[in-house]
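Okay, here's what each chain looks like letter by letter:
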Amino acid sequence: MRFLGSIEAKTDAKGRVFLPAVFRKVLQASAEESIVLCKDLFQTCLVLYPESVWNEQMDVLRSRLSRWDAGHQQLFRQFVSDVELLSLDGNGRFLIPKRYLQMAEIQQCIKFIGMGDTIEIWSEAHTRRPFMEADQFGKAIEEVMRTTGKKDERGEN
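Residues numbered from 1 in each chain as written. Predicted model: local features only at pLDDT ≥ 70, side-chain atom pairs only at ≥ 80, totals over all residues. Heavy atoms only, no water.

Draft legend 1. Representation of the overall build of the chain within the structure. Counting its regular elements, the chain contains five helices and eight strands. C-alpha atoms of the chain, sized along the principal axes, occupy 55 × 45 × 30 Å. The buried share among the 157 residues of the chain stands at 32%. By sequence separation, contacts in the chain at least 24 residues apart represent 58% of the contacts at least 6 residues apart. Carbon and sulfur atoms form 51% of the exposed surface of the chain, whose accessible area is close to 10,600 Å². Between the centroid of the 22 positive side chains of the chain and the centroid of its 23 negative side chains there is a distance of 3 Å. (Helix = DSSP H or I, 4+ residues; strand = E, 2+ residues; numbered from the N terminus. Buried < 20%, exposed > 50% of the residue type's maximum accessible area, 1.4 Å probe, protein only. Contact = heavy atoms within 4.5 Å. Areas by Shrake-Rupley, 256 points an atom, 1.4 Å probe, with all protein chains shown as cover. Lys, Arg positive; Asp, Glu negative; His and termini not counted. Charge placed at Lys NZ, Arg CZ, Asp CG, Glu CD.)

Next comes the structure, spelled out in structure tokens:
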């Protein structure tokens, strides 16, 4: 499953929005019927997870936490407590609850950004400037992708 691209949209007065057709096609091809909406852990945006991807993330986190550790239980509770399981209506729309619109500082204009296995929803105001300046981006990619002395994904130098 690969969500790619950046698509502008608008919410209606009730907070409903059309999931872009290109993203709906990916969900349909993967036989996903539900999506999970939550606030991003690090940024002022929302994240849509296909239900299967969300379940994998929950399983990974749960496997790293002990049910017998109070702090771990609090962490897991926080992770799963403020999410919404959503379905698209017949027109491909879904409702973004008001509390989520407020969390992400969304007024009406939004931008969907495909992030591989998830989709981010940003307030248009937060995407007017680049996330990273071009020179910072180039240096960061260079550092991450540098293979000198390191093995690549195939295990080769």
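Don't stop here, the text continues.
Draft legend 2. Geometry of the packing of aromatic side chains. Inspection of every chain in the model, using the stated rule, returns three aromatic pairs. When the centroid spacing of 5.1 Å and the interplanar angle of 70° are considered together, the rings of Tyr 49 and Trp 54 count as edge-to-face. Across the pair, Trp 54 and Tyr 49 agree in class, each one buried. Classification of Trp 54 as buried rests on a relative accessible area of 5%. Among the aromatic residues, ring-to-ring pairing joins Tyr 49, Trp 54 and Phe 79 into one connected group. (Phe/Tyr/Trp six-rings, centres within 6.5 Å; stacked < 30°, edge-to-face > 60°.)

Draft legend 3. The arrangement of the confidence of the model for the chain in detail. Overall, the predicted model of the chain reaches an average pLDDT of 90, with 92% of residues at or above 70. Across the chain, the element-wise mean pLDDT spans from 85 in helix H5 (residues 134-145) up to 97 in strand E4 (residues 46-50). (pLDDT = per-residue confidence, 0-100.)

Draft legend 4. A look at the packing of helix H2 (residues 51-64) against helix H3 (residues 70-81). Relative orientation of the contacting elements H2 and H3 amounts to 170°, with a least axis distance of 10 Å. Classified by the interaxial angle, the pair formed by H2 and H3 is roughly antiparallel. When H2 is examined against H3, the residues Trp 54, Met 58, Leu 61, Arg 62 and Arg 64 are found in contact with a partner set consisting of His 72, Gln 73, Phe 76, Phe 79 and Val 80. Its residues placed into classes, the contact of H2 with H3 shows six nonpolar, two polar and two charged. (Axes fitted to C-alpha atoms, helices over the stretch in contact; angles between N-to-C directions. Parallel < 35°, antiparallel > 145°, perpendicular 65-115°, else oblique. Nonpolar A, V, L, I, M, F, W, Y, C, P; charged D, E, K, R; others polar.)

Draft legend 5. Spotlight on the UniProt feature "domain: SpoVT-AbrB" (unreviewed entry) in the chain. Mapped onto this structure's residue numbering, the UniProt feature "domain: SpoVT-AbrB" (unreviewed entry) falls at residues 6-53 and 83-126. Between the C-alpha atoms that bound residues 6-53 there is a distance of 20 Å. The span itself is 25% helix and 38% strand. Helix makes up 14% of residues 83-126 and strand makes up 43%, while its end C-alpha atoms are separated by 22 Å. (UniProt positions renumbered as here; feature names shortened; annotations may be inferred.)

Draft legend 6. Spatial organisation of the pattern of salt bridges. Going through the model one piece at a time under the given rule, you end up with six salt bridges. Its salt-bridge partner being Arg 146, residue Glu 142 comes within 3.6 Å of it at the nearest N-O pair. A single salt-bridge network, built from bridges that share partners, covers Asp 82, Glu 84 and Arg 99. (Salt bridge = Lys/Arg side-chain N within 4 Å of Asp/Glu carboxyl O.)

Draft legend 7. Structural detail: H2. Over its 14 residues, H2 runs 20 Å from end to end, which matches the ideal 20 Å to within 8%, given 1.5 Å per residue. Turning to H2, its buried residues are Val 53, Trp 54 and Arg 62. Contacts made by the buried residues of H2 are with strand E3 (35-39), E4 and H3. (Expected span 1.5 Å × (residues − 1).)

Draft legend 8. Region of interest: unusual backbone geometry. Backbone geometry places Ala 31, a non-glycine residue, at a positive phi of 60°. Taking the relative accessible area as the measure of exposure, Ala 31 reaches 63% and is therefore exposed. Positive phi, close to 55°, is recorded for Glu 105, a residue that is not glycine. Residue position: Glu 105 is located in the loop between helix H4 (98-103) and strand E7 (109-116).

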